[in-house]
Each structure stands twice: as structure tokens, then as C-alpha cells.
Amino acid sequence: MNKGFDKATFKRSVIDNVKNMFRRTIDEATPQQVFQAVAFAVKDVIIDEWIASHKEYEKKDVKTVYYLSMEFLMGRALGNNIINICAHDEIKEVLDELGFDLNMIEDQEPDAALGNGGLGRLAACFLDSLATLGYPAYGCGIRYRYGMFKQKIENGYQIEVPDEWLKDGNPFEIRRPEYAQEVKFGGYVRIENVGGVNHFVQDGYQTVRAVPYDLPVIGYGNNVVNTLRIWDAEPVNTFNLDSFDRGDYQKAVEQENLAKTIVEVLYPNDNHYAGKELRLKQQYFFISASVQRAITKYKEKHEDIRKFHEKVVFQLNDTHPTVAIPELMRILLDEEGLTWEEAWDVTTRTCAYTNHTIMSEALEKWPIELFSRLLPRIYQIVEEINRRFQNQIQSMYPGNQDKLRSMSIIYDGQVKMAYMAIAASFSVNGVARLHTEILKNQELKDFYQMMPEKFNNKTNGITQRRFLLHGNPLLADWVTSKIGDEWITDLPHIKKLEIYADDEKCQQEFLNIKYQNKIRLAKYIKEHNGIDVDPRSIFDVQVKRLHEYKRQLMNILHVMYLYNQLKDNPEMDMVPRTFIFGAKAAAGYKRAKLTIKLINSVADVINNDKSIGGKIKVVFIENYRVSNAELIFAAADVSEQISTASKEASGTGNMKFMLNGALTLGTMDGANVEIVEEVGQEYAFIFGMSSDEVINYENNGGYYPMDIFNNDQEIRRVLMQLINGYYAPDNPELFRDIYNSLLNTKSSDKADTYFILKDFRSYAQAHERVDQAFRNEKWWAKAAILNISGSGKFTSDRTIEEYVRDIWHLEKVTVEM
Ligand code: GL9
Ligand code: PLP
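Here the structure is a predicted model, which means the values were calculated and not measured.

What counts as what
- Residues numbered from 1 in each chain as written.
- Chains lettered and ligands numbered in written order.
- Predicted model: local features only at pLDDT ≥ 70, side-chain atom pairs only at ≥ 80, totals over all residues.
- Heavy atoms only, no water.
- Near = heavy atom within 4 Å.
- Polar contact = N/O pair within 3.5 Å; in protein donor to acceptor, adjacent residues only side chain to side chain.
- Areas by Shrake-Rupley, 256 points an atom, 1.4 Å probe, with all protein chains shown as cover.
- Nonpolar A, V, L, I, M, F, W, Y, C, P; charged D, E, K, R; others polar.
- Domains from an automatic or database assignment.
- Pairing = 2+ DSSP bridges.
- Helix = DSSP H or I, 4+ residues; strand = E, 2+ residues; numbered from the N terminus.
- Buried < 20%, exposed > 50% of the residue type's maximum accessible area, 1.4 Å probe, protein only.
- Arc of directions from axis to C-beta.
- Contact = heavy atoms within 4.5 Å.
- Axes fitted to C-alpha atoms, helices over the stretch in contact; angles between N-to-C directions.
- Parallel < 35°, antiparallel > 145°, perpendicular 65-115°, else oblique.
- Left-handed = near helix turned anticlockwise from the far one by under 90°.

### Some thoughts on the site of ligand 1
Thinking step 1. With respect to spatial proximity, 17 residues lie near ligand 1, and among them Asn 271, His 356, Asn 460, Glu 648 and Gly 651 are the closest.
Thinking step 2. Within the backbone of Leu 119, an N or O atom sits 3.1 Å from an oxygen atom of ligand 1.
Thinking step 3. One nitrogen or oxygen atom from the main chain of Ser 650 is found 3.1 Å from an oxygen atom belonging to ligand 1.
Thinking step 4. In isolation ligand 1 exposes 450 Å². Once the protein is present, 97% of that is buried.
Thinking step 5. Of the residues assigned to the shell around ligand 1, the class counts are 5 nonpolar, 9 polar and 3 charged.
Thinking step 6. Built from parts of two domains, the shell around ligand 1 gets at least three residues from each of domain 2 (63–74 + 111–455 + 799–805) and domain 3 (462–685 + 755–789).

Shown next as C-alpha cells:
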């Protein structure tokens, strides 16, 4: 409850907003208009706290973290903001009195989908935790006009539709033209000698004006409001005849077009680098603007730029913002007049880098030609960083040409962003223990050996405020009724639930809540897919981006296998199972898109087969995103986390399922390892090869999936169904590519690089254990409660405290109102 919240004032504010904004009375307003009016009313409530928070930061002259990220997958703001100002019940009542249902009003808001998946959602959870813990922080990113595309499924295929999230305006954002920055692209660098000193001057460039929009990030019940600052691009001068007259016609048009295209759209690639010029422009655009602004702000209060790092830390969310390093160097050298050594000292004490993947196709390597053409002065600085880094390697490993080559920031015509990030950061971290160990011992071994002190682990986390308190109100209330509400800001308190795990009454209460949540999801599925699913069946869920390493294919192949068994023996004793999928595929990722088609084709056949008595249903949830994720986690019984061991750096969906009382069916990969450690092996269904085994096979040329094909009839039958038209009668060749990807058809081709067939039997056995376990209701409820009570470690509050303690060294601020 929020003591200062005045219901009458809020109600007045909603009614007035509808009038002023739409010239309507509240009873004439559309749900979208009511949403806008409520959102503005909430903004009214927090605006003084927002101002006060920043005043307090100024007054205390606090150190601030700038979380630099190409992605912030925020989802909807209204419901979360209402939760965090602790006025949910009051606002619900106000809306009831006005004749509107709060849930329905929340559903009017489009997701802010300025991110692809885990990496972007992690950034959003971090902002929530930073504000809740009272740490001064800015999120810095891009205000993409179109976020992550909307996924439509037509005839089983994914269709990408533009995400017009700003169509009705964004009630929470505030444009801040007073902080606009100019960002320069292209041209050439000229040396100007002034009084014997060389100055580097960029000439003949194009300019874009970066204009920030601020979004409030509200701490839970603590009056702290931080800022997510996303930059929009505008032409410096709109097209004008002046420049036409001066013969700059072409340049004027180009500048205008550059501004229009630069923030147009989020690249929809997950764990994959596409190497597009526009992407590098986006990176430099928001980084240059953010770094310039951070320096200006610092200089407003401080004389000595050599102490910049005492007040500012830049956390690089993956390599995407790595140009922050040479950009900071540029400003310190060219504009602030520091020496190289001074500038390097400041830069290397300011920047810290998080690695989020070992997938080699995700590594950013920019061709020199492109990089130096777009960022000529930045490229000069990168060359000098590399030259000095090479000297450092040489002095540590005299004569070691291998190291010089393999660790070079510039090599083979490319700029390697990860290596620059490591060389210039004071901290390099992975996102789960196993991932960090793989970085140290495999992927980044040379760097770890050279500078072990930089490397550290920060296991990811999630915010329980959005993913339990907001997403699963029934369970949240139940938890609070048992152990009080401290878990909301101190998740390890949830351990206290453990004593209820064996209590039969509590087990029944838990199962009943899960059942209610399954009914809620079943309704959603009925509405969106037209499929009836039985809420008493096991809800077995895999929702995440579609990627070969995540092995949705193994999941659907197992469904095909199970269906074959049922066809052979319709009386087969099995607990009815609803297999639920949700996944977007990158627009250009053909095999991933074909996998979606396969899932939908299998669903069509199975869901319409009366002979199996509804024992299996397959559902593909269209347009998986943060808002429907909240419903899905709450309703899941089984959480599929089945990546090839070593490939999933951490995963965060796995933690959200756990918090909502789903049991993990997974490999020993990423944070699954730590989840199992917390809850105990016996309360999860673990299968498959270990990461060591996988890496061993990889280092020794893979394995022969044909052996499995030849020796295992049931697997062979499933694979043959990919190419005999069983699921595609009109086009039996449709799934040929998937079949080929699994089997060594030509001995020169790599096959089954994600070890699907290798792990298949072990996976199928784990599914059998699930089936058996679910029959024992009491055991299942106990295991689910133990998953919830064991989830304390996985709050992003813990993750943020570790970043603060080991990397950022921030001070907590309290804001009195
Ligand atoms: C990812 C990893 O693949 C995930 O395992 C991890 O949980 C998140 C957050 O650390 O980071 N790395 C990565 O590139 N993506 C991840 O989800 N993909 C994107 O979202 C772009
Ligand atoms: N996409 C959305 C909408 C999510 O909520 C999450 C959850 O963390 C993810 C992607 C990442 O899922 P995973 O960690 O399973 O890859």
C-alpha cells in the first residue's frame, strides 16, 4: 500500500486527462484513451520523485553507472509502474469505479520491444533492480522507431510485421532537446598545427543530431526514479535551400536521409552478427551521444577530467557498445587535450565489459574499410590502441608470434570488437559460472592468462517484481500470506516457503493456483490459436528465441516420437501433455523459420487426430514477447531448457519458470547448473551430455549421427517422417533441409552440430521421468514449492549488488518525499 497515494486526486486526474487529451468524457473514452489517461496520471504521481531523485544525486555528487546497451526489452510499463509505486489496489479500485478493468486497460499498451531476447530483457531487469536498490544509473540506448517485429503465423509460417509501438505515442517518455548532441560520420581527418601542437580535425563529415527521450524507471516503494535515456536521430537542419544554393544539395539530402534511417529499426538477430554498415552507425550514434553527454554533465560540476572515472562507470552490454572506448579516448585526446597516457588511464578505469555468448557467429568483426570510412578518427585511435596492446603482448611473451596474431585487435582486415573491449576494460565478466569458466579456459584463454585479474563472473538474475508480483498475482499473494512480503525486495526470504513443501494443505493451495493460471493461459490459447487445451494436462513449455543451439528441433522431434508411440498403441498409459512453444526466428534465419513451420505442421496433424484421445496437444504461441511471457511462466509445469551444453551462456527464462513453480527439464548448461545446485538434482529433470563432453567432441571433429540413424529404429522413423510427407503431404521435400542438418549425407558436411540425435535418448528418458513424477501430485507440488523457495539466488537484485561490490562501487541513495 502507498500511504501518500490519494485515490480521489488520481481519479480526477484520469478524468481530466481524457478530457484534455481527447475532448471526451470518461464514459465516451476508448480503452486506448483510458490507458493513455491513466499512464499520464501515473506519470504525474512519480514526476516529483523523478526530479527529487536526480536532485539528490547532484547534491550528493554520486558516482553513476551508465549501462550502455543496444537493447532494452522493457515490455509494458503501466502495470509495472503501478506495482512499483505500490498503488495497484488503489488504482484498480479507481478504474473499477470508472467502469474499467485494470487488466484490460494494461492490455492496451504495446510492449516496448527494443530488444531481441535475453540480453535485452536482462538490461531491463537490471534497471528495475538498480532503481529499487537506490543506485544512481542511466540506461542508454536507441529509440528505435520499430522495435522487435511482430510475429504473425500464416499457414504455419512466420511472417514479420513492423512493430509500430509509437503509433499512439508513448505517454511515459519526455523529449529532452536541451541535451541534444551532434554525431559525426565519415569525411577525413586533417592535422592542424597550432603553435607547434598537432590537432586532429575531422572534415567533410555528415552530421546527425541525437535527441534524447527519457523514460522513468521506478524503484519499488522507495521514491527512487532513474532514467532510461533513448536517443532519436534528427537531421541537423531540415532540408533547406540554403545548402542547395551553396551547392551542398547532395549533402543536405544525405544528412536528412541518414537521420531518418539510423534509428529506424532494431536488428532482429539474436546471438548473430550480420555486419551491416547501418548497425555500426547505430552503435556509434548512441554511444557518441551518450559519452558526450556524460562528459558534459561531469564537467558541469568537476574541474579535473582526469578523475572522470571516480564519478562515472560505463558498463558495455556485450560488444555492441565497444566504440565507447575509442570515442571516450577521442574526446579526452582531441577535445580535452589529455595525453595518450592520461586518456588511456581514464578510459581503462571507466569501461567494463560483459560477455554474453560464446557463439562464434555472434562475434563482431568490422571490416577495416567500412570502419575507417565511417569513423575515420575513431579508427586511427583503434590502430594506436592496437599498436600499444601489441607491444604489451610482446613484452610479456617475447617472440611469441602466435599470441601477437591471435590476440590482435586488428587482424585479417578486421577490427575485433571483443578484443578491444577486453584490452581496454578493467573488468570482463561472463553471465553464469559455467559460462565464465568456458571464457577463461577456452574462448578467451590467452586473454585470461595475460590479465586474470580482470575476469569475474556475475550470474544473471531476474526481477521478481515483474515476473512474480505483477505476472502471477495469485501466487504472489499466496507467498506473502505464508511468509510476509519481504521477498519483494529481498528474494532470498522466499526460502522460508521451504517448510510448507511437505504440508498437504499448502500443496493443494499451490496446485490450485497453478491450475487457475493454466486456465488463464488456456483461455489465451483458445482466443489466439482456437485450440482447446486441457488445464489438467502437463503444460510443457519452451519459450525463447528460435535458435539451433536452443534445440527446439529436439523438442518437436520428441513430440513426433511420442506421437508415433501413441499411434502404435492408442491405449498407451501417459499423462496428457500440452507442448507449448513460443519463439521468434531472426528474419533471415531460414532453418529457424523452417523449424517453426515444422512445429506448426506437427501441431496440425496431432491436434486434429481424434484417435489419440487428446493425449498430446501442440501449441505454437504467436508473437512471444514480455507481456505474454508473464502469463506463460505463471502457467508452466515443465520448463524446457535444453540447449546443447556449453552454448547457452546463462538463460534467464529458466529462472522465471523456477520462480513460478515450474520444474526444469534441461541440460547442465548456463545457469541451469546453478538452478539445480540451489534446488537439488532430484527436483529437476537433467539429461544429456556435459559441456566438457560437447567441447571434447567439437575439438575432435564431431561424431557420426549416421550411427544413431542406423541403429535406432524409432529415431530413424522420426527422421524419415521429415522427408516422406508425413507432416507435409503436399510437399514431401519441405523439411529436407532439417533432415540434412542432422545427418551426414555427404561425408564432408558437418552434421548435427548441436548433438540433437546424440542427446535424444537421454532426453526421451527425462520426459518419461516427468510423466511418472507428475502422477504423484504431492511429490510434484513439493518439488514445485521447493523450486520457488530455492529461487532466491536468481533475483537481479543479487546480481546488481555483485556488480556494485566488484565493479561499479556505487553508493546507495535514499530519496525522502
Ligand atoms: C544472451 C545469451 O544467449 C543468454 O544465454 C543470456 O541469458 C543473455 C543475457 O546474458 O544473453 N546472449 C545473447 O547474445 N543473447 C542472449 O540472450 N541474445 C540476444 O538477446 C540478442
Ligand atoms: N524473450 C522474452 C520475451 C523473455 O521474457 C525472455 C526471458 O528471460 C527471453 C526472451 C530469454 O529467454 P531464454 O533465457 O530462455 O533465452
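### Considering the site of ligand 2
Thinking step 1. As a matter of local geometry, ligand 2 sits amid 13 residues, with Lys 544, Lys 550, Thr 652, Gly 653 and Lys 656 nearest to it.
Thinking step 2. Between Thr 652 and ligand 2, the recorded distance is 2.8 Å, taken from a backbone N or O atom to an oxygen atom.
Thinking step 3. Relative to its unbound accessible surface of 390 Å², ligand 2 loses 95% to contact with the protein.

### Considering the pairing of strand S9 (residues 188–194)
When a strand is regular, its side chains alternate between the sheet's two faces.
Thinking step 1. Pairing of S9 with strand S10 (residues 197–203), which is carried by 7 bridges, proceeds in the antiparallel orientation. Note on S10: the bridge partner recorded for Asn 193 is Asn 198.
Thinking step 2. Connecting the antiparallel pair S9 and S10 is a turn made up of 2 residues, with Gly 195 showing a positive phi of about 55 degrees.

### Brief notes about helix H23 (residues 626–635)
Residue pairs spaced three or four apart in an α-helix point in one direction, given the helix's 3.6 residues per turn.
Thinking step 1. In terms of burial, H23 is largely enclosed, as 9 of its 10 residues are buried.
Thinking step 2. Looking only at H23, the buried set comprises Val 626, Ser 627, Asn 628, Ala 629, Glu 630, Ile 632, Phe 633, Ala 634 and Ala 635.

### A few points about helix H26 (residues 691–699)
Thinking step 1. Those residues of H26 that sit buried are Ser 691, Val 694 and Ile 695. The buried residues of H26 all sit within an arc of 95 degrees when viewed along its axis, so they share a single face.
Thinking step 2. In this structure, the buried side of H26 is in contact with helix H16 (433–443).
Thinking step 3. Gly 701 sits one or two positions beyond H26 and adopts a positive phi of about 80 degrees.

### Description of the pairing of strand S2 (residues 72–75)
Thinking step 1. Of the two faces of S2, the one carrying Phe 72 and Met 74 and the one carrying Leu 73 and Gly 75 are both buried.
Thinking step 2. The pairing of S2 with strand S3 (residues 112–114) spans 3 bridges and is antiparallel. From the neighbouring strand, Gly 75 faces S3, where its bridge partner is Ala 112.

### Structural notes on the packing of helix H21 (residues 552–568) against helix H30 (residues 756–775)
Relative orientation and spacing of two packed helices are given, respectively, by the angle between their axes and the distance between those axes.
Thinking step 1. In the contact formed by H21 and H30, the axes pass within 10 Å of each other and the chain directions differ by 60 degrees. Judged by the angle between their axes, H21 and H30 are oblique. When the axes of H21 and H30 are compared, the crossing they make is right-handed. Mapping the contact onto sequence places Leu 553, Met 554, Asn 555, Leu 557, His 558 and Tyr 561 in H21 and Ile 756, Asp 759, Phe 760, Arg 761, Tyr 763, Ala 764, His 767 and Glu 768 in H30.
Thinking step 2. When grouped by side-chain class, the residues that make up the contact of H21 with H30 number 8 nonpolar, 3 polar and 3 charged.

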